[in-house]
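The primary structure of each chain is shown beneath.
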Amino acid sequence: MMDSSLTKENQVLPNLSHQKPTRVRFMVCFLLFLATAINYLDRTNMAVAAPAIKGELGFDAATLGLLFSGFSWSYALMQLPGGWFLDRFGSRVTYTVSCGLWSLFTLLMGFGRSVAVLFGLRLAVGFSEAPAFPTNSRVAASWFPKQERATVTSIYTAGEYVGLAFLTPVLFWLSATFGWSSIFWITGIIGILFSGIWYMYYRDPQNSTSVNEAELEYIRQGDGLADKTVTGAKINWKDLGELFKHRQLWGIYIGQFATNSTLIFFLTWFPTYLVAEKHMPMLKAGIYASIPYAAAFLGVLVGGYWSDTMLKKGYSLSIARKLPIITGGLGCCTIVLANYSNDFNTIIAIMSVAFFAQGMAALGWVIVGDVAPSKLVGLAGGVFNFFANLSGIITPIVIGFIVQSTGSFTGALIFMSCVALAGACSYIFLVGKISRIELEPVKE
């Protein structure tokens, strides 16, 4: 892939053909991948620990649902302030502070022994993680041209699932061997170390001493924001209002809410579903749970590659971005089929298809980079993530009450399928042409 992109670079840079473009953006992509993998380990370790916490501390399903949702309450509410902080202080400082704090609070969760303490720390983790994905979107829009942006977004988004796919069995083993607290201590320490690495190595394109002019020009010609990212911008209420005036933004807000609901189920209730509903032993559940996570990892790579391949073949930006998302959203609806089987292998196969589809639909963030006004990329990402994480509040609580009142996950999977269908319909009927929104010049 890198060789073909360099060929493309040389084709669009006739005036700089004597200068070989650097590859700094690929290292930036790797940093985003690591940051996202750590981010998701620290937000999902609660799901792995939940069966042990439930047994040791005696929490019921409704209480677990409340604890699962705690992260998203503060995470959603802090999206707008987090987006403002990002536009004010830039990607380097924002990720350093955010990762350092969420990792510290994750570590402290290992000492919690009551609903109040654990819920409060989950709120703190959500509060601290709020700027992370807006930062990812801003960095991708700054460092990558549009013909690479979906692939890059899929690569760093795959970080969500890599840790889950390959480390979930390890986390279950840690819980069974050293107790559930060890999960939080280890994942917290890893994140604290990474926050220092990010601060040492990351720079915006215009501040990087490693990138050359040929690579910067390639980014610019592909609608990248190479030297347009602004730090210290003052965001006003008119800017915020602008992000609610456009149909295409409303469409992706609603679509991401639905897509994220399927993800939230897998990040919160899925291990408990396997242990409590399907009566899998914990260590076996850890191994089985990793299979749908691996499927989602493949799905997100397929979605990003499919989107950028269509774009390079001449399809419109709208078709290239929306078709993988719509296909994935419809595929998520298959989760309801798990209600009709008690065979472990069949259930995992159904869940793997649904989670593969969710991964393929996880391109919403690249659309934010495609359509957001250049000076409001951070704030637009905050609004987008606010809507996405309303599902993190609603979905765990709704599932918790369904399970508590019916004693079964049957209704929960029906609910998940209906939400996924609504998200696909939002992209089909509400999202219009995908192009960058240009703001009218401010009149003095």
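Residues numbered from 1 in each chain as written. Predicted model: local features only at pLDDT ≥ 70, side-chain atom pairs only at ≥ 80, totals over all residues. Heavy atoms only, no water.

Undergrad: How should I be thinking about the packing of helix 7 (residues 146-178) against helix 8 (residues 181-201) in this particular structure?
TA: When two helices pack together, their arrangement is given by the angle between the helix axes and by the axis-to-axis distance. One can describe the packing of helix 7 onto helix 8 by two numbers: an axis separation of 7 Å at closest approach and a directional angle of 130°. Overall, the two elements helix 7 and helix 8 adopt an arrangement that is oblique. Seen from helix 7, the contacting residues are Leu171, Leu174, Ser175 and Phe178; seen from helix 8, they are Ser182, Ile183, Ile186 and Thr187. Classifying every residue of the contact of helix 7 with helix 8 by side-chain character gives five nonpolar, three polar and no charged. (Axes fitted to C-alpha atoms, helices over the stretch in contact; angles between N-to-C directions. Helix = DSSP H or I, 4+ residues; strand = E, 2+ residues; numbered from the N terminus. Parallel < 35°, antiparallel > 145°, perpendicular 65-115°, else oblique. Contact = heavy atoms within 4.5 Å. Nonpolar A, V, L, I, M, F, W, Y, C, P; charged D, E, K, R; others polar.)

Undergrad: How do you make sense of the confidence of the model for the chain when you look at a structure like this?
TA: Residues shown with low pLDDT carry predicted positions that ought not to be read at fine detail. For the chain, the average pLDDT comes to 84, and 91% of its residues sit at 70 or higher. In this model residues 1-7 is a low-confidence stretch, pLDDT under 50, and it forms ten contacts with partners more than four residues away in sequence or in other chains. (pLDDT = per-residue confidence, 0-100.)

Undergrad: Help me out: how do you make sense of the packing of aromatic side chains in this one?
TA: Both the distance between ring centres and the angle between the ring planes are used here to describe each pair of aromatic rings. In this structure the tally under the stated criterion is 30 aromatic pairs. Taken together, a centroid distance of 6.2 Å and an interplanar angle of 65° make the contact between Phe265 and Tyr273 edge-to-face. The class of Phe265 is buried, set by a relative accessible area of 0%. Accessibility expressed as a relative area gives 1% for Tyr273, which makes it buried. Above the ring of Tyr40, the side-chain terminus of Arg43 is found at 4.2 Å from the ring centroid. (Phe/Tyr/Trp six-rings, centres within 6.5 Å; stacked < 30°, edge-to-face > 60°. Buried < 20%, exposed > 50% of the residue type's maximum accessible area, 1.4 Å probe, protein only. Lys NZ or Arg CZ within 6 Å of the ring centre and 35° of its normal.)

Undergrad: How should the nonpolar core be read in this particular structure?
TA: Counting 117 residues, the largest nonpolar core has Trp143, Ile252, Phe265, Phe270, Tyr273 and Met351 as its most contacted members. The element best represented in this core is helix 2 (residues 24-57), accounting for 16 residues. (Core = buried A, V, L, I, M, F, W, Y, C linked by side-chain atoms within 4.5 Å.)

Undergrad: How do you make sense of the packing of helix 2 against helix 5 (residues 115-129) when you look at a structure like this?
TA: At their nearest, the axes of helix 2 and helix 5 sit 11 Å apart, and the two run at 170° to each other. The angle between the axes of helix 2 and helix 5 places the two elements in the roughly antiparallel class. Contacts between helix 2 and helix 5 involve Asn39, Asp42, Arg43, Asn45, Met46 and Leu57 on the former and, on the latter, Leu118, Arg122, Val125 and Glu129. Split by residue class, the contact of helix 2 with helix 5 holds four nonpolar, two polar and four charged.

Undergrad: Please clarify how the environment of Ile291 should be interpreted in this entry.
TA: Following the sequence through the fold, Ile291 ends up in helix 13 (residues 282-312). Separated by 58 residues in sequence, Ile291 and Ala349 have C-alpha atoms that sit 8.6 Å apart. Among residues more than four places away in sequence, those in contact with Ile291 are Ile348 and Ser352.

Undergrad: Would you mind showing me how to read the side chain of Ser69 here?
TA: As for its placement among the helices and strands, Ser69 is situated in helix 3 (residues 61-77). Leave out the neighbours within four places in its chain, and Ser69 touches Gly392, Ile393, Pro396 and Ile397.

Undergrad: Hey, could you run me through helix 8 in this one?
TA: Quick reminder: α-helices carry 3.6 residues per turn. Residues three or four places apart thus point the same way. The end-to-end C-alpha distance of helix 8 is 31 Å, a good match for the 30 Å that 21 residues give at a rise of 1.5 Å each. When we look at burial in helix 8, the residues that qualify are Ser181, Ser182, Ile183, Phe184, Thr187, Gly188, Gly191, Phe194, Ser195 and Trp198. Check the buried side of helix 8 and you find it contacts helix 2, helix 4 (79-109), helix 6 (132-143) and helix 7. (Expected span 1.5 Å × (residues − 1).)

Undergrad: I would appreciate a short explanation of the pattern of salt bridges in the present structure.
TA: Side-chain pairing between opposite charges can occur once the charged atoms of the two side chains come close. Evaluation of the coordinates by the stated rule reveals six salt bridges. We note a salt bridge from Arg25 to Glu148, for which the minimum N-O separation is 2.9 Å. Here Arg25 is found in helix 2, whereas its partner Glu148 is found in helix 7, with 123 residues between them in sequence. Under the relative-accessibility criterion, Arg25 is labelled buried at 0%. Measuring nitrogen to oxygen at the nearest pair gives 3.1 Å for the salt bridge that ties Glu129 to Arg43. One end of the pair, Glu129, is in helix 5; the other, Arg43, is in helix 2, and 86 residues separate them in sequence. Summarising the burial analysis for this pair, Glu129 and Arg43 share the class buried. One network of salt bridges, in which partners are shared, links Arg149, Asp308, Arg321 and Asp370. (Salt bridge = Lys/Arg side-chain N within 4 Å of Asp/Glu carboxyl O.)

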